[in-house]
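What the coordinates show
The chain contents come next:
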Amino acid sequence: MLQSIRDSSQSIVAKVIVGLIIVTFALFGVESLVSLTAESNAPATVNGEEITQQELFQATELQRRQLLSQMGEDADPALLDDGLISAMVLDSLIEQKSLLLAAQDKNMIISDRMIDQMIINTPDFQVEGQFNRNQFEAALRNAGFTPLMYRDLLRKERLVEQQRNAYQLSAFAVPSELDRIVALDRQTRDISYFILPIASAEKNIKVSEDDVRAKYEAEKSALTTLEQVAIEYILLDKNDLRENVEVSDAELKAQYDQFLASYQAEEQRAVAHILVEVTAEQDDEAALKKIKAVQARIQAGEAFDALAKSESDDLGSAAAGGDLGLNGKGVFSAPFEESMFALAVNEVSEPVRTEFGYHLIKVTGISDKELPDFAEMKYKLTDDILDQKVEAVYVERLELMADITFSAGDLIEPAEVMGLVIQESEPFDRAGGAIDITRNAKVVAAAFSNDLIRERINSTPIELDKERTVVVRVKTHFEPRVQAFDEVAAMLKQELIEQLAGDELKTKAQQAVSDLISGKTMTEVAVGAEVMQHFAVSRASGDLPESVRTLAFSLAKPEAGRIVASTTELDDGSVAVVLLNKVNLPEVALTDDEKKSMAIFLGTRFGQQEYQSLLTQLKNAAEIEKK
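The model shown is predicted, which means the values in this text are computed figures rather than measured ones.

1. Quick word on the sheet that holds strand 6 (residues 228–237)
Reading across the sheet, the 4 strands line up as 11-6-13-12 and stay open at both edges, with antiparallel pairing between neighbours. Where the open sheet ends on each side, the last strands, each with one partner, are strand 11 (423–424) and strand 12 (462–465). In the sheet, strand 6 pairs with strand 11 via 2 bridges, with the strands oriented antiparallel. What sits directly across from Tyr233, in strand 11, is Gln423.

2. Remarks on the nonpolar core
The biggest cluster of nonpolar side chains holds 28 residues, and the ones touching the most others in it are Phe194, Val212 and Val577. Looking at this core, the elements with two or more residues in it are strand 5 (188–196), helix 9 (198–203), helix 10 (209–219), helix 21 (485–517), helix 22 (522–525) and strand 16 (575–584). Top contributing element to this core by residue count: helix 21, with 12 residues. Excluding anything up to four places from it in sequence, Val212 contacts Val207, Phe485, Ala489, Leu492, Lys493 and Leu496. In terms of nonpolar packing, the next biggest core, distinct from the first, is built from 23 residues, Ile110, Met118, Phe125 and Leu159 among them.

3. Let's talk about the packing of helix 8 (residues 175–186) against helix 24 (residues 592–621)
In contact at an axis separation of 11 Å, helix 8 and helix 24 are set at 100 degrees when each is read in the N-to-C sense. Taken together, the axes of helix 8 and helix 24 lie roughly perpendicular to each other. Along the contact surface, helix 8 presents Glu177, Leu178, Ile181, Val182 and Arg186, while helix 24 presents Glu594, Lys595, Met598, Ala599, Leu602 and Phe606. Here the contact of helix 8 with helix 24 is built from residues that sort into 7 nonpolar, no polar and 4 charged.

4. Details of the packing of helix 7 (residues 147–168) against helix 24
Interhelical geometry of helix 7 versus helix 24 gives an angle of 130 degrees and a closest axis separation of 7 Å. On the basis of their axis angle, the class for helix 7 and helix 24 is oblique. Residues Val160, Gln163, Arg164, Tyr167 and Gln168 of helix 7 form the contact with helix 24, whose own contacting residues are Gly603, Thr604, Gly607, Gln608, Glu610, Tyr611 and Leu614. Per-class residue counts for the contact of helix 7 with helix 24 are 4 nonpolar, 6 polar and 2 charged.

5. Re the packing of aromatic side chains
Within the structure shown, the criterion is met by 9 aromatic pairs. Consider the rings of Tyr167 and Tyr611, whose centres lie 6.3 Å apart with planes at 55 degrees: the pair is tilted. Here the residue Tyr167 occupies a position in helix 7, and Tyr611 occupies one in helix 24, the gap between them amounting to 444 residues. The interplanar angle of 80 degrees and the centroid separation of 5.4 Å between the aromatic rings of Tyr256 and Phe374 together place this pair among those described as edge-to-face. Residue Tyr256 is found in helix 11 (residues 249–262), and its partner Phe374 is found in helix 16 (residues 374–407); the two are separated by 118 residues along the sequence. Among the aromatic residues, those joined into a ring-pair cluster are Phe125, Phe131, Phe136 and Tyr150. When the ring centre of Phe485 is taken as origin, the NZ or CZ atom of Arg213, which lies over that ring, is 4.0 Å away.

About the thresholds
- Residues numbered from 1 in each chain as written.
- Predicted model: local features only at pLDDT ≥ 70, side-chain atom pairs only at ≥ 80, totals over all residues.
- Heavy atoms only, no water.
- Pairing = 2+ DSSP bridges.
- Helix = DSSP H or I, 4+ residues; strand = E, 2+ residues; numbered from the N terminus.
- Core = buried A, V, L, I, M, F, W, Y, C linked by side-chain atoms within 4.5 Å.
- Buried < 20%, exposed > 50% of the residue type's maximum accessible area, 1.4 Å probe, protein only.
- Contact = heavy atoms within 4.5 Å.
- Axes fitted to C-alpha atoms, helices over the stretch in contact; angles between N-to-C directions.
- Parallel < 35°, antiparallel > 145°, perpendicular 65-115°, else oblique.
- Nonpolar A, V, L, I, M, F, W, Y, C, P; charged D, E, K, R; others polar.
- Phe/Tyr/Trp six-rings, centres within 6.5 Å; stacked < 30°, edge-to-face > 60°.
- Lys NZ or Arg CZ within 6 Å of the ring centre and 35° of its normal.

So this is what it looks like as structure tokens:
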């Protein structure tokens, strides 16, 4: 079932549906999912327009499919929170409904002809480059849609896209804005700074036990442990079964004979072609006349591949000189294949008519498949037989594990019967433990389930991956509790030291800024710390701490006789004192091409901002009711 969901979620239909998401969960076009007979128990309304229960259900299912696809082959649907998904999808549907109503109010339309063109040009609805009705309907059925539903889905998505493009593509930056932003972007600054290190300050901080106890009493209610469990488990590993499985010579011979029976020594041909299509604009007679003219040019000495590049209507192969690669039988239509296998190497065919038009075919090489002998195949055959036999044993052992652990009151009997070792884990919380088994989401969910904690039963077999299955049992359950003083004293003491050291550094840093403003030099106020100077610092400079660079570009430009300085905290808790010495304006002007590119970029950014403002405005102005 999961594979079916994943396959559907990879189709073009699912991609279109997921592409209708605003931010993460806003599915465009979901109005088409509601039937004419939908009940009126709408979970929400927007300006009087209902978002029906069926819409919400369908959109939630689509979101579930996409999430399961992203989670991979071992995805467990039980791990998804349906309530959370439904709530997020409902918010997205409200936003989508607001956008759709706004587009309709502006009389935006998408014609039936445009919808037809989108469907016809969708690759997943095509067979050999042509739209195929059966393929179209099969793809929709896979995703649970009818053609009418899908057309309506496309129409509504394009309506909203049309409105979005109206904002994003019409926005622009005036020359003064462009100049100002470029000047800011290319501006550089000269700065000086020194760092007051947190480590040095911490060495001088003394904290008494009474201080730590006072902090403990003040924060006691928050100093609780997380709920934890320690489990015991038995692990069935498919790889451990291989050493007890043997492959006989008779089995190898039988497998080789079976391989020979299914193997066809098939000749393959490297082929190229030139196609002249028969279309409404170019009938059969005109196409035949053109292909014969091309044939005459080849016979006169022109290169086949050069003519394919200039004359072939097969855009997929023309650029490669008409090359279609190495092919066996059953790949092309009968007339093409018949001619291809009748030609000698480097021979060019007469014009060949297929459903696409007229072809000139050239065979550029012939390759024969040779049957591999038994010695060449023995290793692979042995591995294949081992895989089959081990898989059969593994399935049998899984069934035994499921039966015996279900009826057993602990893991002792199952371990003895199956020859497995009972293993134990360290305590872990709901975030998972230190080993791969206790990090597995399915194991964590089972270990914290009421059945295993309260009833003290064995879990059902849990598949970790394709080769390992585990049965777990809760050995010890640790309820959340307030930690004793001794357990947290060291941590609280360090927090106090860091806090007091940080406060001391901030006080010193502020005093240093005051001293700078009063006329002292950086060297005088640095009190032994190294003063670092950087010239022409840009917004992208990476040779100084990020917080220092950010502060430097937030400070006002120094005026004559005025000192501009401030402080900032570094990632490790140290504090930097920063002095802005000079603001350097860019001297190099943009070229016309650079201005054009920058104007396009800024226009796009402005358009995105305006569209986001529209979303906010529509949601704020809409009459929204949730039930």
